[in-house]
Amino acid sequence: MLAMEIYKPYSNQDKVPYVEGIRAGFPSPAEDFTEPTLDLNRYVIKNPASTFYARISGSSMEGADIHDGDIAVIDKSIEPSDGSIAVCLIDGEFTLKRIKVEKDKVWLMPANPQFSPILITEENHFIVWGIVTFIIKQMR
């Protein structure tokens, strides 16, 4: 059996090690192994005052590789546009869908054929709560 060395992160919870240059191609020796830290918030959040995290529940966006349990980074300052994946409030309930804009219609489109698109009408109380900028997922 091949012995593997397991990387153990620092115990300081404020600083998480960051290694740059890990290749997804052929393995190569690390040229210059350094351990600066990476603040994930600085990487995924451009507008801190208008950004929040939310855990996704459900399977309607699986075709967009957004799964139950993933964490979305949502920015409320971004203007919604055709094709944006957005957290929307419709008739008092939150949903995560892709926005589809036609001439005089707005649709909320699931990314799973088991769910139906939602046509937004004048009768709906509808708000785009924020636009998804990143998805954080657990790989195993």
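Residues numbered from 1 in each chain as written. Predicted model: local features only at pLDDT ≥ 70, side-chain atom pairs only at ≥ 80, totals over all residues. Heavy atoms only, no water.

Caption draft 1: Spotlight on the environment of N47. Here N47 shows up in the loop between α1 (40-44) and β1 (51-55). Once the C-alpha coordinates of N47 and D75 are considered, the two residues, 28 residues apart in sequence, prove to be 7.1 Å apart. Beyond its immediate chain neighbours, meaning those up to four positions away, N47 contacts D75 and S77. (Helix = DSSP H or I, 4+ residues; strand = E, 2+ residues; numbered from the N terminus. Contact = heavy atoms within 4.5 Å.)

Caption draft 2: How the structure looks around the environment of D75. Mapped onto the fold, D75 is located in strand β2 (residues 71-75). For the pair D75 and G130, spaced 55 residues apart in sequence, the C-alpha separation works out to 5.2 Å. Setting aside its immediate chain neighbours within four residues, D75 contacts N47, S50, T51, G130, I131 and T133. Side chain to side chain, D75 and N47 meet in a polar contact 2.6 Å long. There is a polar contact of 2.6 Å between the side chain of D75 and the side chain of S77. (Polar contact = N/O pair within 3.5 Å; in protein donor to acceptor, adjacent residues only side chain to side chain.)

Caption draft 3: Structural detail: the pattern of salt bridges. The tally for this structure, following the rule as stated, stands at three salt bridges. Of the charged contacts, one joins K137 and D70 as a salt bridge, the two residues approaching to 2.8 Å between their closest N and O atoms. Here K137, found in the segment after β7 (126-136), pairs with D70, found in the loop between β1 and β2; they are 67 residues apart in sequence, far enough to count as distant. Judged by relative accessible area, D70 falls into the buried class, the value being 6%. One salt bridge connects K100 with E102, and the closest N-O pair in it is separated by 3.6 Å. K100 gets classed as partly exposed once you look at its relative accessible area, which sits at 35%. A relative accessible area of 34% places E102 in the partly exposed class. Through salt bridges with shared partners, one network takes in D65, D70 and K137. (Salt bridge = Lys/Arg side-chain N within 4 Å of Asp/Glu carboxyl O. Buried < 20%, exposed > 50% of the residue type's maximum accessible area, 1.4 Å probe, protein only.)

Caption draft 4: Main features of the pairing of strand β4 (residues 93-101). Both strand β3 (residues 85-90) and β4 contribute to a ladder of six bridges, which runs antiparallel. The partner of L89 across the bridge, within β4, is F94. Between β3 and β4, which pair antiparallel and follow one another directly, the connecting turn spans two residues, one of which, D91, has a positive phi of 50°. Alignment of β4 against strand β5 (residues 106-109), held across four bridges, turns out to be antiparallel. Within β5, the position partnered with I99 by the bridge is L108. As consecutive antiparallel partners, β4 and β5 are separated by four residues. (Pairing = 2+ DSSP bridges.)

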